[in-house]
Amino acid sequence: MSAAPVLERPAVEPHQDPAFTGRPDVRPTGRRLGPGRRRRLAWLLGPSALLALWTVLSATGLLDPRILSEPWTVVATAGELLADGRLQENLAISAQRAGLGLFFGIVVGALLALLSGLSRVGEALIDGPVQIKRAIPGLALIPLLILWFGIDETMKVLTITLGVFVPIYLQTHAGLRGIDLRYVELAQTVGLSRAAFIRKVVLPGALPGFFLGLRFAVTGAWVSLVVVEQINATSGIGYMMELARTYGQTNIIVLGLAVYGILGLLSDGAVRFFERKALSWQRTLAG
């Protein structure tokens, strides 16, 4: 009489195996080789150290206030400008310009990346001009944009848009082309439509690249804003700094730089927050 066949238990994760139900979880809770557990507000450590160094150098006289104003002077200047309304008024105008340029740049960059990443014809038509724009500095286009659109808000928003869409396009396109071909073959096997393929395979696969490009794009928006607000502008933080340069007011210039730096840090933190929420399915060293 032949022996009964031995049925092998399907390979499953230990925490999913019914035989281990009720037993304590003995898996290691720490990541010995990783960066460790995420610490709340740890991102403030670097800027706080930089502020502390600035304060110490100013207090000891090692940093000439004519070169870089003291932190307490900058804080007092901020209070004065807030009291007369100039700071918040210029800040609101700058934020509006950066927001519009960022919005249009994200839309244009993402759409071009989709067209180029999902079609060989689209790539042939789009990728080359984008690479040409990538090689041309934004400052080099400003004289031409002034001739075309004047010095009003259209030129400023368009300059910011041009500085934003390139990193969005590059990183999103790279994310699209980096999708594993096996997922594409699986989508064809199960008979997904083009729309379902884009929704269930393309967009999730491109999200990591998109968010990386968004971090570069946010920085690019603020950098472009600094440039356009110091060229024939009559409002904004950059205009306020340029006017202060004319009168030798170092404290206002440093205050403007601090505002740009804080805005850049906060906007990058916001992008990273939404990235963690959108990519919560990923298990990476970032945590």
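Note: the structure precedes this text.
Presented here is a report on the structure given in the accompanying data block. No experiment lies behind these values; they were computed from the predicted model shown.

What counts and what doesn't
Residues numbered from 1 in each chain as written. Predicted model: local features only at pLDDT ≥ 70, side-chain atom pairs only at ≥ 80, totals over all residues. Heavy atoms only, no water. Helix = DSSP H or I, 4+ residues; strand = E, 2+ residues; numbered from the N terminus. Buried < 20%, exposed > 50% of the residue type's maximum accessible area, 1.4 Å probe, protein only. Contact = heavy atoms within 4.5 Å. Arc of directions from axis to C-beta. Salt bridge = Lys/Arg side-chain N within 4 Å of Asp/Glu carboxyl O. Axes fitted to C-alpha atoms, helices over the stretch in contact; angles between N-to-C directions. Parallel < 35°, antiparallel > 145°, perpendicular 65-115°, else oblique. Left-handed = near helix turned anticlockwise from the far one by under 90°. Nonpolar A, V, L, I, M, F, W, Y, C, P; charged D, E, K, R; others polar. Phe/Tyr/Trp six-rings, centres within 6.5 Å; stacked < 30°, edge-to-face > 60°.

## Digging into the environment of G105
Step number 1: Looking at where G105 falls in the secondary structure, it is placed in helix 3 (residues 86-117).
Step number 2: Of the residues examined, G105 reaches a relative accessible area of 0% and is grouped as buried.
Step number 3: When sequence neighbours within four positions are dropped, the list of residues in contact with G105 reads T161, V164, F165 and I168.

## Considerations on helix 9 (residues 237-246)
Step number 1: When we look at burial in helix 9, the residues that qualify are I237, G238, M240, M241 and A244. Burial along helix 9 is one-sided: seen end-on, the buried residues are contained in an arc of 160°.
Step number 2: Buried residues along helix 9 sit in contact with helix 2 (71-83), helix 3 and helix 10 (250-278).
Step number 3: Immediately beyond the C-terminal end of helix 9, within one or two residues, lies G248, with a positive phi of roughly 70°.

## Side note on the pattern of salt bridges
Step number 1: Scanning the model with the defined rule gives 9 salt bridges in all.
Step number 2: For R86, the salt bridge identified is with D84, shortest N-O distance 3.2 Å.
Step number 3: Shared partners join several salt bridges into a network, and the residues in it are R97, E153 and E229.

## With respect to the packing of helix 8 (residues 194-228) against helix 10
Step number 1: Here helix 8 crosses helix 10 at 165°, and the two axes come no closer than 10 Å. The angle between helix 8 and helix 10 places the two elements in the roughly antiparallel class. For the pair helix 8 and helix 10, the crossing hand works out as right-handed. Across from F211, L214, R215, V218, W222, L225 and V226 in helix 8, the residues of helix 10 making contact are Y260, L263, G264, S267, D268, V271, R272, F274, E275 and A278.
Step number 2: Residues of the contact of helix 8 with helix 10, tallied by class, amount to 11 nonpolar, 2 polar and 4 charged.

## A short note on the packing of aromatic side chains
Step number 1: Going through the model one piece at a time under the given rule, you end up with 4 aromatic pairs.
Step number 2: Between F103 and F104, the ring centres sit 5.4 Å apart and the planes meet at 65°, which makes this aromatic pair edge-to-face.
Step number 3: A residue is classified by how much of its surface remains accessible, and F103, at 52% relative accessible area, is exposed.
Step number 4: For F104, a relative accessible area of 40% gives the class partly exposed.
Step number 5: With 6.4 Å between their ring centres and 80° between their planes, W148 and F149 make a pair best called edge-to-face.
Step number 6: Judged by its relative accessible area of 58%, W148 falls in the exposed class.

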